[in-house]
Amino acid sequence: MTVFQPAAVPFTSREAHETLQEACRVAGLVSEDARLLRLGENALYALPAEHVVVRIARSLDVLDDARKEVAVSAWLYEAGLSAARTTSHSQPLIIRDRPVTFWHFIDNGGGPATLTDLAEMLRVLHQMPVPEGLALPRIDILGRVSERISSADVLSDEQRQFLLAKYRQLRTAYEALEFPLAACAVHGDAHSDNLIKATDGTIVLIDFERFAFGPPETDLAVTAIEHALGWGTRAEYDQFAERYGFDVLEWEGYPVLRDINELKMTTWLMQNVNENEAIAREFRNRLSCLQDPDKPRRWRAF
C-alpha cells in the first residue's frame, strides 16, 4: 500500500517521527512506545511492543535502494547467511514522500560484535555467488556525496566549491584504481555497528542500503580508516585483516579509498548539523581536516 504526500520537508528528527507515526497507522502497528535508534542517512525506530524496527529513508531519490534492501534480505535469508529480515508487510511503503521498510527486531543482548566477527562475516559474504535474479547495482562508492554537497545549506560558497572539487578529484582517482581482489557482492557500509550479536551469540548482518557488486577492498577499507582514526587498537585491526585474509592497508590503492571514506564521513555528518551543537562542531573539525591533509585526525564517532 502506498500513501503519497506533497514534496518532503527537511529530514529532521521531528519530521522523521511524524513519518513514523503515519507509516505505523498504514501498516497497522503500534507506535506509542517508539524509540529512535539512529538519525543519519535514515531514521531507525524500534517498536518494542511489535518487536519491529522501522527504517525511514530521506527521500524518494533512494526508493530503488529501499526496494533493493528488501530483495537482498530475502536472498541472504534463503542463502543461509545470518542477516536482518523484513516483516511480511508489502514494502517499501511511501509515506510523506519517504520510503519506509519494516524489519524484525533483533535483540542485541549478546554484547558488541567485534572486528573479528566482521571479518568473518565479510569473508563469507564476499564468497557468496550472486543469484541471476538479483540485480545488484555496480558499486557507486561516492553515491549521494555530490548531492549532499550541492543541497547543503550550512556551507559557504567557498566550502561548497572545495568539497565538489575534492569529490571530482577522488572520483577520477577511484576510476583509475586496479583492484587485486575479484569483484563480488559488497555490503557498502561494512563496519561493526552494522552487525548485531544476538542473545544466543549469533552474529547478524544488518543495513543493506548500500549493497552492490564491486571490489571487496571497498568494504575492507571502512575498518582500515576507522583504525587510522583511532577507533580501535592496532591489535584488533591486525586480527581483522588476518581473519579475512587480506590487509587493505598494504595495497597501494588504499590512500584513495581512505580519502573517499573521509569525504563520505564528513558529508554524511553534515546532513545533521542542525540537530545539535556537538554534531556541528564535529562537522567543522572534519571539514578542517579535509582542507588540511596534514592536520591530525582527532575525529569523534557518531
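So, here's what we can say about the structure. (Residues numbered from 1 in each chain as written. Predicted model: local features only at pLDDT ≥ 70, side-chain atom pairs only at ≥ 80, totals over all residues. Heavy atoms only, no water.)

What follows is about the pattern of salt bridges. Any two side chains of opposite charge can pair if their charged atoms end up close together. A complete count under the given rule lists 24 salt bridges for this structure. In this structure, Asp207 and Arg55 form a salt bridge, with 2.6 Å as the shortest nitrogen-oxygen distance. Here Asp207, found in the loop between strand S8 (203–205) and strand S9 (212–214), pairs with Arg55, found in strand S3 (residues 52–57); they are 152 residues apart in sequence, far enough to count as distant. For Asp207, a relative accessible area of 17% gives the class buried. The closest approach of N and O atoms between Arg297 and Glu262, which form a salt bridge, is 3.0 Å. Placement of the pair is Arg297 in the segment after helix H9 (277–291) and Glu262 in helix H8 (residues 254–270), with a sequence separation of 35 residues. (Salt bridge = Lys/Arg side-chain N within 4 Å of Asp/Glu carboxyl O. Helix = DSSP H or I, 4+ residues; strand = E, 2+ residues; numbered from the N terminus. Buried < 20%, exposed > 50% of the residue type's maximum accessible area, 1.4 Å probe, protein only.)

Take the packing of helix H6 (residues 217–228) against H8 next. For the pair H6 and H8, the least separation of the axes is 9 Å and the interaxial angle reads 75°. By the angle between their directions, the pair H6 and H8 is classed as roughly perpendicular. Contacts from Glu217, Thr218, Ala221, Val222, Ala224, Ile225 and Ala228 in H6 reach Tyr254, Leu257, Arg258, Asn261, Glu262 and Met265 in H8. Split by residue class, the contact of H6 with H8 holds eight nonpolar, two polar and three charged. (Axes fitted to C-alpha atoms, helices over the stretch in contact; angles between N-to-C directions. Parallel < 35°, antiparallel > 145°, perpendicular 65-115°, else oblique. Contact = heavy atoms within 4.5 Å. Nonpolar A, V, L, I, M, F, W, Y, C, P; charged D, E, K, R; others polar.)

Looking at the element boundaries, Asp219 is found in helix H6. Summary of buried charges: Asp219 has no salt-bridge partner, and the nearest side chain of opposite charge, Lys264, is 8.2 Å away. Polar side-chain contacts of Asp219 include one of 2.8 Å to the backbone nitrogen of His187. In contact with Asp219, other than residues within four places in its own chain, are Leu122, His126, Val186, His187, Gly188, Asp189 and Ala190. (Lys, Arg positive; Asp, Glu negative; His and termini not counted. Polar contact = N/O pair within 3.5 Å; in protein donor to acceptor, adjacent residues only side chain to side chain.)

On to helix H2 (residues 63–79). Relative to the 24 Å expected for 17 residues at 1.5 Å per residue, H2 spans 25 Å between its end C-alpha atoms, a close match to the ideal helical length. Three or more residues of H2 are buried, namely Leu63, Asp65, Ala66, Lys68, Glu69, Val70, Val72, Ser73, Trp75 and Leu76. Residues of H2 that are buried make contact with S3, strand S4 (93–95), strand S5 (98–104), helix H3 (115–127), strand S6 (184–186) and S8. Two residues or fewer past H2, Gly80 is found with a positive phi of approximately 90°. (Expected span 1.5 Å × (residues − 1).)

Scanning the model with the defined rule gives one cavity of 30 Å³ or more in all. Quantified by volume, the largest cavity comes out at close to 40 Å³. Along the walls of the largest cavity sit Asn42, Arg55, Ala57, Ala66, Glu69, Pro99, Val100 and Thr101, which together make up its complete lining. For the lining of the largest cavity, the elements supplying multiple residues, two or more each, are S3, H2 and S5. (1 Å grid on protein atoms, 1.4 Å probe; cavity = no way out; pocket = protein on both sides within 12 Å on 5 of 7 lines; lining within 4 Å. Points joined across faces, edges and corners; volume = space filled by probe spheres on them.)

It is worth spelling out the pairing of S5 at this point. Most of S5 sits inside the fold, with six of its seven residues counted as buried. Bridging between S3 and S5 involves five bridges; their strand directions are antiparallel. By the bridge assignment for S5, Ile56 is matched with Val100. Pairing of S4 with S5 involves three bridges; the strand directions are antiparallel. Bridging across to S5, Ile95 finds its partner in Arg98. Hairpin geometry of S4 and S5 is characterised by an intervening segment of two residues between the two adjacent antiparallel strands and by a positive phi of about 55° at Arg96. (Pairing = 2+ DSSP bridges.)

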